[in-house]
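Notes for the structure review
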Amino acid sequence: MSLNQCGINPPLDLSPQRRELKPQGTLDFPCAGYAERYAPDPDHSLPWHWHDEFEAIYILSGQLTVETPDASYHLAQGDCIAINTGVLHCANTAASCEIRSVVFSPGLITGGKDTVFAKKYIAPLAGCRAFRAYVFDRQAEAGAIQALVDACDALAAEAAGYEFVVRARLSALCMALCRRFAPDFAAGRARPNQDEERIQRMLTFIQEHYDRPLTLAGIARAAGIGERECLRCFGKTIHVPPMQYLLKYRVMQAADALLARPADSIAQIAAGCGFDNPSNFSQQFRRFYGCSPREYRTRKRG
């Protein structure tokens, strides 16, 4: 199976509701391992998304910030974070970092919804309102962190029977989470709060209409709220103003289009991604990528 790069291409890999569509592993072994180097540019970050699987990330070097709508987690070398199923999250770095991560279905651990593993442990864990994202204690939970590292190593090596090793080590990781959150299992899972529901509607609206003229008022109307409430909602949940998010999203789509449509001119790419003129597009593109659109296209194709 080996380890893959964990980049997400929003138009292809995310639904309008920001759910990740990319399959994780295979039907008979629903688990995928990733190795990635992140840098402070849009090509090397994870956009806001969610998926039905658990995710665990280990920081091999450098620093990484993982965000959920209600918290930011600043991770350094040696840290490990687990993210629950269905939780909206993103990741970025201000410098650079190297990570290992595993995204795996609860079914990999349970073997079926009617097993004791599902009923007693994994279903309550996935449904625990207290568990959205959790950073393991390096000393007290060193065994859980090592379990993730072992699972990544087994996925990379693909030695005979590696699937047994991966499942066993991820089971140990889940058991550590169960021990931590067992007191909260009875409370169940809370419904997404109002801000999360609103932000998902507004992100969906931006993704579907980024190529058209958009205003703050229009984005706010997508969630049935006013401009001031829109600004507050973005600030509280994803910590980026709505128009700044729109700008970054447009630039990222333009970067993809520069490579996917080599016959189109820079002006055509700019217009197709919602920019009113090529000069403004080039200026904003350089701001995010550190080079002109033409230089980016030449470099990537070369």
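Located above this text is the structure these notes cover.
Within any chain, residue numbers begin from 1 and follow the written order of that chain's sequence. In keeping with the predicted nature of the model, local features appear solely for residues at pLDDT of at least 70, side-chain atom pairs appear and are counted solely at 80 or more, and the whole-chain, interface and lining totals rest on all residues. Only hydrogens and water are removed before side-chain values are computed, so all heavy atoms of the structure are retained for them.

**Thoughts on helix α3 (residues 116-126)**
- Relative accessibility thresholds used throughout: buried, under 20% of the residue-type maximum; exposed, over 50%; partly exposed, between the two (1.4 Å probe, protein chains only). Numbering of helices and strands runs from the N terminus, with a helix taken as a DSSP run of H or I at least four residues long and a strand as a DSSP run of E at least two residues long. Of the residues making up α3, those classed as buried are Ala118, Ile122, Pro124, Leu125 and Ala126.
- Close packing links the buried residues of α3 with β4 (54-68), α2 (106-110) and α5 (162-181). Note on contacts: a residue pair qualifies if any of its non-hydrogen atoms lie within 4.5 Å across the two residues.

**Focus on the side chain of serine 101**
- When you line up the elements, serine 101 lands in strand β8 (residues 97-104).
- Among the residues examined, serine 101 registers a relative accessible area of 1% and is labelled buried.
- What serine 101 contacts, discounting residues up to four positions off in sequence, is Ala32, Gly33, Tyr34, Ala56, Ile57 and Cys152.

**As for the packing of aromatic side chains**
- Classification of ring pairs rests on two measures: the distance between centres of Phe, Tyr or Trp rings, Trp counted by its six-membered ring, which must be within 6.5 Å, and the angle between planes, read as stacked under 30 degrees, edge-to-face over 60 and tilted in between. Going through the model one piece at a time under the given rule, you end up with 13 aromatic pairs.
- Members of the aromatic cluster, joined through ring pairs, are Phe275, Phe281, Phe285, Tyr289 and Tyr296.
- Taking the ring centre of phenylalanine 181 as reference, the NZ or CZ of arginine 180 above it sits at 4.6 Å. For a lysine, the NZ atom is tested; for an arginine, the CZ atom; a charge sits over a ring if that atom is within 6 Å of the ring centre and within 35 degrees of the ring normal.

**A few points about the nonpolar core**
- Formed by 40 residues in total, the largest nonpolar core has its most connected members in Met202, Phe234, Phe285 and Tyr289.
- Mapped by element, the contributors of at least two residues to this core are α6 (194-209), α7 (216-221), α8 (227-237), α9 (242-260), α10 (266-272) and α11 (278-289).
- Element by element, the count of residues in this core is highest for α9, at ten residues.
- Apart from residues lying up to four places away in sequence, phenylalanine 234 is in contact with Ile199, Met202, Leu203, Ile206, Ile219, His239, Val240, Pro241, Pro242 and Tyr245.
- Take the buried residues of types Ala, Val, Leu, Ile, Met, Phe, Trp, Tyr and Cys, join any two whose side-chain atoms come within 4.5 Å, and each joined set is a nonpolar core. Membership of the second largest hydrophobic core comes to 36 residues, among which are Cys31, Leu125, Ile145 and Ala176.

**Regarding the pairing of strand β5 (residues 71-76)**
- Burial along β5 is one-sided: Ala71, Tyr73 and Leu75 are buried, and none of Ser72, His74 and Ala76, which face the opposite way, are.
- Pairing of β4 with β5 involves six bridges; the strand directions are antiparallel. Bridge pairing links glutamate 67 to serine 72 in β5.
- DSSP calls a pair of strands paired once it identifies at least 2 bridges connecting them. Between the end of β4 and the start of β5, which pair antiparallel, lie two residues.

**Comments concerning the packing of α9 against helix α12 (residues 293-301)**
- For helices, the axis comes from a line fit to the C-alpha atoms of the stretch in contact; other axes are also lines fit to C-alpha atoms, and the angle between any two N-to-C directions lies between 0 and 180 degrees. At a minimum axis separation of 9 Å, α9 and α12 run at an interaxial angle of 55°. Comparing the axis directions of α9 and α12 gives the class oblique. Between α9 and α12 lies a crossing whose hand is right-handed. Within the contact between the two elements, α9 uses Ala255, Ala257, Leu258 and Leu259 and α12 uses Pro293, Tyr296, Arg297, Lys300 and Arg301.
- Charged means Asp, Glu, Lys or Arg here, nonpolar means Ala, Val, Leu, Ile, Met, Phe, Trp, Tyr, Cys or Pro, and polar covers whatever is left, Gly included. Residues belonging to the contact of α9 with α12 are distributed by class as follows: six nonpolar, no polar and three charged. Here the angle decides the label: under 35 degrees means roughly parallel, over 145 means roughly antiparallel, 65 to 115 means roughly perpendicular, and every other value means oblique. Less than a right angle of anticlockwise turn of the near helix away from the far helix marks a crossing as left-handed, whereas a clockwise turn marks it as right-handed.

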